[in-house]
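Here are the chains, one letter per residue:
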Amino acid sequence: LYVGRKSWRQLPLSLPKGDRIRSIVGLPNKHTVALSAEHRLYLLTPKGGKLMSLGAEFRGLTIDALGVAEGKLLLAGRLGNGASMKSVLAELGPKKLVTLDSLWPIAADDQFSLIHSDYKQRIMVVTVKGQIRVKSKDGQWRNGEMAIDPPSPPEDFAHLGPALAN
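Throughout, residues of each chain are indexed from 1 in the direction in which the sequence is written. Given that the model is predicted, a residue must reach a pLDDT of at least 70 before its local features are reported, and side-chain atom pairs must reach 80 or more before they are shown or counted; all residues, however, enter totals for whole chains, interfaces and linings. Here the side-chain values reflect all heavy atoms present in the structure, with hydrogen atoms and water set aside.

Draft legend 1. Geometry of the sheet that holds strand E11 (residues 112-117). A pair of strands is considered paired only if DSSP assigns at least 2 bridges between the two. For the purposes of this entry, the term helix denotes a DSSP run of H or I that reaches at least four residues, the term strand denotes a run of E that reaches at least two, and both are numbered from the N terminus. Here 4 strands make up an open sheet; going across it, the order is E11-E12-E13-E14 and the pairing antiparallel. The two strands at the open ends of the sheet, each matched to only one other strand, are E11 and strand E14 (141-143). Each adjacent strand pair in this sheet contributes to an overall mean axis angle of 20°, direction not counted. Every axis corresponds to a line fitted to the C-alpha atoms, with the helix fit spanning only the stretch in contact, and the corresponding angles, defined between N-to-C directions, vary from 0 to 180 degrees.

Structure representation (structure tokens):
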């Protein structure tokens, strides 16, 4: 789908058989991109989607996650494989991809799943296996924690209706 200023319409996008779009990220008045399940990156425009070429520096990059932080479109991924694999955080600029930072090494069977920014302008990167790192404004990466205890239900929980109460 393409979301215009006032309407929604189907967007022509040709994907290889068996591939599908798993996330779409964009910024107002800037570009919008889609990431496929096969780690392909597509630039979305009102005319359609186009597979993006990332340049020689990023040949072999496996893109795992897209996100918006500090007003920038970011991606997290892995370059290379085996012992030579390195994890990177990159900014998707208007014309090219720029490496912003090296990320910590992750296991071969893990991948990045989320990039997020909070109100304090800290960048959080999370992996599928639950590793969390937070980059503060001073540029330092620190281990993060995930609260897994669910919140308590509201006191009037039974009065919220059958869909919520059941």
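Draft legend 2. Expanded view of the pattern of salt bridges. Put simply, a salt bridge is a Lys or Arg side-chain nitrogen that is within 4 Å of an Asp or Glu carboxyl oxygen. Tallied over the entire structure, the rule returns 5 salt bridges. For Asp-19, the salt bridge goes to Arg-40, with nearest N and O atoms at 2.8 Å. Taken together, the residues Asp-19 in the loop between strand E2 (8-9) and strand E3 (21-26) and Arg-40 in the loop between strand E4 (32-36) and strand E5 (41-45) connect sequence positions 21 residues apart. Looking at Asp-19, the relative accessible area reads 10%, which means it is buried. Between Asp-101 and Lys-135 there is a salt bridge, and its shortest N-O distance comes to 2.7 Å. Of this pair, Asp-101 sits in strand E10 (residues 97-103) while Lys-135 sits in strand E13 (residues 132-135), and the two are 34 residues apart along the sequence. Note on exposure labels: buried denotes an accessible area under 20% of the residue type's maximum, exposed denotes more than 50%, and partly exposed covers the range between, all computed with a 1.4 Å probe on protein chains only. In this structure Lys-135 comes out as buried when scored by relative accessible area, which is 19%.

Draft legend 3. A look at the pairing of E13. Where strand E12 (residues 123-127) meets E13, 4 bridges bridge the pair, whose relative direction is antiparallel. Bridging from a neighbouring strand, Ile-123 pairs with Lys-135 of E13. Count of turn residues in the E12/E13 antiparallel hairpin: 4 residues, of which Gly-130 carries a positive phi of about 95°. Pairing geometry for E13 and E14, over 3 bridges, is antiparallel. Each bridged residue has a counterpart across the sheet, and for Val-134 the counterpart in E14 is Arg-142. Hairpin connection, E13 to E14: the antiparallel pair is bridged by 5 residues, and Gly-139 has positive phi, about 90°.

Draft legend 4. Structural detail: the packing of aromatic side chains. A pair of aromatic rings is counted whenever rings of Phe, Tyr or Trp (Trp by its six-membered ring) have centres within 6.5 Å, and the orientation is called stacked for planes under 30 degrees apart, edge-to-face for over 60 and tilted otherwise. As enumerated under the stated definition, the model contains 1 aromatic pair in all. The ring of Trp-104 has Arg-133 lying over it, and the distance from NZ or CZ to the ring centre is 4.5 Å. The rule is short: NZ of Lys or CZ of Arg within 6 Å of the ring centre and within 35 degrees of the ring normal puts a charge over the ring.

Draft legend 5. The nonpolar core, seen in detail. What we call a nonpolar core is a set of buried Ala, Val, Leu, Ile, Met, Phe, Trp, Tyr and Cys residues that are connected through their side-chain atoms within 4.5 Å. If you look at the biggest cluster of nonpolar residues, it comprises 17 residues, and the most contacted ones within it are Leu-41, Leu-54, Leu-61, Ile-63, Leu-66, Leu-75 and Leu-97. For this core, the elements supplying multiple residues, two or more each, are E4, strand E7 (61-69), strand E8 (72-79) and strand E9 (86-92). In what follows, a contact means two residues having at least one pair of non-hydrogen atoms within 4.5 Å. Every residue in contact with Leu-41, bar those within four places of it in the chain, is listed here: Val-33, Ala-34, Lys-50, Leu-51, Met-52, Leu-54, Ile-63, Leu-66, Leu-75 and Leu-92.

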